[in-house]
Amino acid sequence: AGRITVRDALVTAQLALSLALLVVSGLFVRGAAAGASANPGFDVGQLAIAQIDPALGGYDAAQCREAHRAVLEKLRSTPGIESVAEASVLPFGDYSFGEDVQRGGPRLKNEDPDAADKLLHVQSYTVTSDYFKTLGLRMVQGREFTAAEEATVGGTTPVIVDVTLAERLFANENPVGQLLQYGADSGTADSKPMVIVGLAPAVKHDLFKNRPEAHIYVPSGAADSTRMFVYARAAAPQTGDAILRSVREQLRAADPNLPVTFVKSFRAQHEGSAQVWILRAAAKMFLTLGLAGTFVAVIGLYGVRSYLVSRRTREFGVRMAIGASPADVLRLVVRESLAITIVGLTIGLGLAMLLGWGLRVAIYQISPLDPV
């Protein structure tokens, strides 16, 4: 009575490790599902995305600008499409462009690095007019870019910042009308001053960042981006891929020779992105390990108990000879097996919590103590 065999200890350890793997796999599976359905901060329903790059077709700078103008003009006049815009970067996408910005004029080389106009690294988007309207976002202050700024910009460059950048650079001040500066040296090509004309809501750029990153938006007329993402929002809910067919047809009508990389819904583009693939790959790996470990643990538990029971046939015969019933023998064996299982599962739950806590950085938006 009360004897713990080496076999029992091994089975208990096997059960504990298997449960820990299963729980961690469950965390990754739920994280992958949450990542695939994540919202960058705006409504992605009825939003089609197309990637175009005239430079791939040998277009020069002037032809690239004309191709983008033709695409926007054609799509904006298409029935069933409420709003159209272009941007150089896609939230939750595979591309990222960062810039260092500061408030005011050029930064002095001997200046205190902790000064109020310190350099901040931000996500930089080149966008056309109606960008935030197409995303379904309202400006917090100021305005969006105009059609004229979409075509060309002379003098001081107008820019839009989001609330995250405004809070870090301007605190309680009104950012609209304030000056910004790229980089730390006034001698660089990108060091010309910029004036803030609008304050936009915060949106997420990176799927794995818990908080929205700081953004700066530059009008397409002030940049020479050839590869752009076309955003088209349907005027009303549409079934199937009606909006996608309409976008494809209008892109061909605007320029039959224009290189179009893809036309997808925003949700489909996001679900096929590298970041979601990483989440799903981790979920599949841990789920496979967890299920395989559980199968082996169950077989091991059965095998060990079966072997031990077969060696106790004489003992059971003696018990029954002095009055024990078959049900009494069955309860004895089941009670001992349950004790091993409960101990293994208790240890496994504790181990799972530790593993989940250690992997919390890799598990997307799911608590390591998630009850499900």
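Rules of the game
Residues numbered from 1 in each chain as written. Predicted model: local features only at pLDDT ≥ 70, side-chain atom pairs only at ≥ 80, totals over all residues. Heavy atoms only, no water. Helix = DSSP H or I, 4+ residues; strand = E, 2+ residues; numbered from the N terminus. Rg over C-alpha atoms; globule rule 2.2 N^0.38 Å. Contact = heavy atoms within 4.5 Å. Areas by Shrake-Rupley, 256 points an atom, 1.4 Å probe, with all protein chains shown as cover. Lys, Arg positive; Asp, Glu negative; His and termini not counted. Charge placed at Lys NZ, Arg CZ, Asp CG, Glu CD. Salt bridge = Lys/Arg side-chain N within 4 Å of Asp/Glu carboxyl O. Buried < 20%, exposed > 50% of the residue type's maximum accessible area, 1.4 Å probe, protein only. Patch = residues over 30% accessible without salt bridge, like charges linked within 9 Å, V, L, I, M, F, W, Y side chains within 5 Å. Polar contact = N/O pair within 3.5 Å; in protein donor to acceptor, adjacent residues only side chain to side chain. Pairing = 2+ DSSP bridges. Phe/Tyr/Trp six-rings, centres within 6.5 Å; stacked < 30°, edge-to-face > 60°. Lys NZ or Arg CZ within 6 Å of the ring centre and 35° of its normal. Axes fitted to C-alpha atoms, helices over the stretch in contact; angles between N-to-C directions. Left-handed = near helix turned anticlockwise from the far one by under 90°. Nonpolar A, V, L, I, M, F, W, Y, C, P; charged D, E, K, R; others polar.

Trainee: Give a detailed account of the overall build of the chain, specifying residues and quantitative values.
Mentor: The helix and strand tally for the chain stands at 10 helices and 11 strands. Against the globule reference of 21 Å for 372 residues, the chain gives a C-alpha radius of gyration of 31 Å, more extended than a compact globule. C-alpha extents for the chain along the principal axes are approximately 105 × 55 × 35 Å. Taking the contacts inside the chain whose residues are at least 6 apart along the sequence as the reference set, 78% of them involve residues at least 24 apart. When the accessible area of the chain is evaluated, it comes to approximately 19,100 Å², of which 59% is carbon and sulfur surface. Taking the average location of the 36 positive side-chain charges in the chain and that of its 35 negative ones, the two points are 14 Å from each other.

Trainee: Before we move on, could you go through the pattern of salt bridges and cite the residues and values that matter?
Mentor: Inspection of every chain in the model, using the stated rule, returns 14 salt bridges. In this structure, R312 engages E315 in a salt bridge whose closest nitrogen and oxygen atoms are separated by 2.9 Å. According to the relative accessible area criterion, E315 is partly exposed, its value standing at 28%. By sharing partners, the salt bridges in this structure join D8, R305, R312, E315, R319 and E336 into a single network.

Trainee: Now, about a nonpolar patch on the surface: what can you tell me, with residues and values included?
Mentor: There is a patch of nonpolar side chains on the surface, built from L330, V334, L338 and I342 and spanning about 370 Å² of accessible area. By the element assignment, L330 lies in helix α10 (residues 326–358). A relative accessible area of 55% places L330 in the exposed class.

Trainee: Quick rundown of the environment of T313? Include the residues and the values.
Mentor: Counting through the fold element by element, T313 comes out in helix α9 (residues 313–321). A polar atom in the side chain of T313 sits 2.9 Å from the backbone oxygen of S310.

Trainee: Break down the pairing of strand β1 (residues 47–52) for me, with residues and values.
Mentor: Most of β1 is tucked away, with 6 of its 6 residues classed as buried. Residues L47, I49 and Q51 line one face of β1 and the alternating positions A48, A50 and I52 line the opposite face, and both faces are buried. Bridge analysis of β1 against strand β10 (residues 228–234) gives 6 bridges, and the strand direction is antiparallel. For A48, the partnering residue across the bridge sits in β10 and is A232. As judged from the 5 bridges shared by β1 and strand β11 (residues 260–265), these two strands associate in the antiparallel manner. For I49, the partnering residue across the bridge sits in β11 and is K264.

Trainee: So what about the packing of aromatic side chains? Which residues, and what values?
Mentor: Applying the stated rule across the entire model yields 8 aromatic pairs. Pairing F28 with F286 gives two aromatic rings, centres 4.6 Å apart and planes at 5°, and the pair type is stacked. Taken together, the positions of F28 in helix α1 (residues 6–36) and F286 in helix α8 (residues 274–310) put the pair 258 residues apart, joining distant regions of the chain. Pair check on accessibility: F28 and F286 agree, each one buried. A ring pair is formed by Y131 and Y217, whose centres lie 5.9 Å apart and whose planes are at 45°; its orientation type is tilted. Of the two residues, Y131 is situated in helix α3 (residues 131–135) and Y217 in strand β9 (residues 215–219); the sequence distance between them amounts to 86 residues. Taken individually, Y131 and Y217 each receive the classification buried, so the pair is uniform in this respect. In textbook terms, an aromatic cluster arises when at least three aromatic residues are bridged by ring pairs, as seen for Y125, Y131, F132, Y217 and Y231. Over the ring of F262 we find K264, and its NZ or CZ is 5.1 Å from the ring centre.

Trainee: Just give me the short version of the side chain of S124, but keep the residues and values in it.
Mentor: Residue placement: S124 occurs in strand β4 (residues 120–127). Those residues in contact with S124 that sit more than four places away from it in its chain are S88, V89, F97, E99, Y182, I216 and V218.

Trainee: Kindly report on the side chain of Q123, identifying the contributing residues and their values.
Mentor: Secondary-structure assignment places Q123 in strand β4. At 3.3 Å, the side chain of Q123 and the side chain of H205 are in polar contact. Other than its neighbours up to four places away in sequence, Q123 contacts S96, F97, H205, E213, A214, H215 and I216.

Trainee: How would you sum up the packing of α8 against α10? Please name residues and give values.
Mentor: Where α8 meets α10, the axes come as close as 11 Å, and the angle between the chain directions of the two elements is 145°. Both α8 and α10 take part in a crossing whose hand is right-handed. Touching L301, R305 and V309 of α8 are V333, E336, S337, I340 and T341, all from α10. In the contact of α8 with α10, the residues fall into 4 nonpolar, 2 polar and 2 charged.

These results come straight from atomic positions and should not be treated as a statement about function.
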